[in-house]
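Close look at the chain arrangement
Read off the chains here:
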Amino acid sequence: MARPLQFERQKAIDAAMRVFWQQGYSASSLQQLLDAMQINRGSLYAAFSDKAGLFKEVIDNYQSRIQSIVIRLLSNELDPAKGIKDVFELTLLALTKDSLALGCLLVNTVNELSPIDSEIASHAAKKLEVVEQAFITACKRAQTLNQMTTEITPESAGKMLMTSMIGLRVQSRRGVETSDLRQSIVPLLNMLMPTLDKR
């Protein structure tokens with residue numbers, strides 16, 4: 001009979017996430033991960049198969065715990081325009097300086113691994129596609145409620161917002177000040193939703 005895994009899986013995943021998020025996938029050595037997770041090599045292989053398997057589970061966990069906040073905000077059926085604005089305010093502009101400096105784990109992963117590990121990069125990219133679709137759906141609702149200009153399709157508007165979100169996360173990792181991040185998104189929000197601040 002196989003021995004049960006002698007560690008708390010969620011606690012170990014959280015510890016691994018911090019290492020990957022701070023250093024990136026390639027720079028995170030197996031020994032650093034083992035030390036942070038406080039498990040041995042055998043337990044890691046038994047639970048996650050290998051470093052790549054661990055990282056994929058970290059990405060899944062990141063999306064379910066952090067990106068789900070974005071999905072919830074964008075699901076504001078009564079006031080989708082406010083939901084779109086809240087995504088930028090509460091999940092980007094309201095973050096601590098340390099959190100901003102880390103950027104988005106999914107965006108970081110796509111940028112880092114697209115040239116060297118297309119499988120993992122694709123896994124992260126699919127998570128970002130879920131957020132983009134949520135933006136598009138919110139834009140459709142906003143247009144239906146006359147909260148958003150109809151001069152652009154909801155698909156194009158959603159993609160523009162997603163592109164801006166990704167760009168802001170990259171800029172935040174570069175250390176750009178929050179005030180500058182806010183100023184860079186205001187023109188786009190005003191163009192798409194000119195009555196947002198007048199309601």
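Residues numbered from 1 in each chain as written. Predicted model: local features only at pLDDT ≥ 70, side-chain atom pairs only at ≥ 80, totals over all residues. Heavy atoms only, no water.

1. Some details on the environment of Leu44
The topology assignment puts Leu44 in helix 3 (residues 41-48). Residue classification places Leu44 among the buried residues on the basis of a relative accessible area of 0%. Spatially, the C-alpha atoms of Leu44 and Ser179 are 42 Å apart, while their sequence positions differ by 135 residues. (Helix = DSSP H or I, 4+ residues; strand = E, 2+ residues; numbered from the N terminus. Buried < 20%, exposed > 50% of the residue type's maximum accessible area, 1.4 Å probe, protein only.)

2. A short note on the pattern of salt bridges
Counted by the stated rule, this structure contains eight salt bridges. One salt bridge connects Asp14 with Arg65, and the closest N-O pair in it is separated by 2.3 Å. Highlighted residues: Asp14 in helix 1 (residues 9-23) and Arg65 in helix 4 (residues 51-74), separated in sequence by 51 residues. Lys82 serves as the salt-bridge partner of Asp86, at 2.7 Å between the closest nitrogen and oxygen. Taken together, the positions of Asp86 and Lys82, both in helix 5 (residues 80-93) and four residues apart, correspond to about one turn of that helix. (Salt bridge = Lys/Arg side-chain N within 4 Å of Asp/Glu carboxyl O.)

3. Thoughts on the nonpolar core
Core analysis: the biggest nonpolar cluster contains 62 residues, and Met37, Leu54, Ile84, Phe88, Phe135 and Leu161 have the highest contact counts within it. With ten residues, the top contributor of residues to this core is helix 8 (residues 118-144). Look past the residues within four positions of Leu161 in its chain and what remains in contact with it is Ile84, Phe88, Phe135, Cys139, Leu188, Leu189 and Leu192. (Core = buried A, V, L, I, M, F, W, Y, C linked by side-chain atoms within 4.5 Å. Contact = heavy atoms within 4.5 Å.)

4. What about the packing of helix 5 against helix 8?
The interhelical angle for the contact between helix 5 and helix 8, taken along N-to-C directions, is 145°, at an axis separation of 8 Å. Counted together, Pro80, Ala81, Ile84, Val87 and Phe88 of helix 5 and Phe135, Ala138, Cys139, Arg141 and Ala142 of helix 8 form the full contact between these two elements. Each residue belonging to the contact of helix 5 with helix 8 can be placed in one class, and the counts come to nine nonpolar, no polar and one charged. (Axes fitted to C-alpha atoms, helices over the stretch in contact; angles between N-to-C directions. Nonpolar A, V, L, I, M, F, W, Y, C, P; charged D, E, K, R; others polar.)

5. Considering the side chain of Asn108
When you line up the elements, Asn108 lands in helix 7 (residues 105-113). Within the local environment of Asn108, its side chain forms a polar contact with the backbone oxygen of Leu102, the two atoms lying 2.8 Å apart. Once residues lying within four places of it in the same chain are set aside, the contact partners of Asn108 are Trp21, Leu102, Gly103 and Arg173. (Polar contact = N/O pair within 3.5 Å; in protein donor to acceptor, adjacent residues only side chain to side chain.)

6. With respect to the environment of Gly103
Among the secondary structure elements, Gly103 is positioned in the loop between helix 6 (97-102) and helix 7. Excluding residues within four positions of it along the chain, Gly103 makes contact with Trp21, Asn108, Arg169, Ser172 and Arg173.

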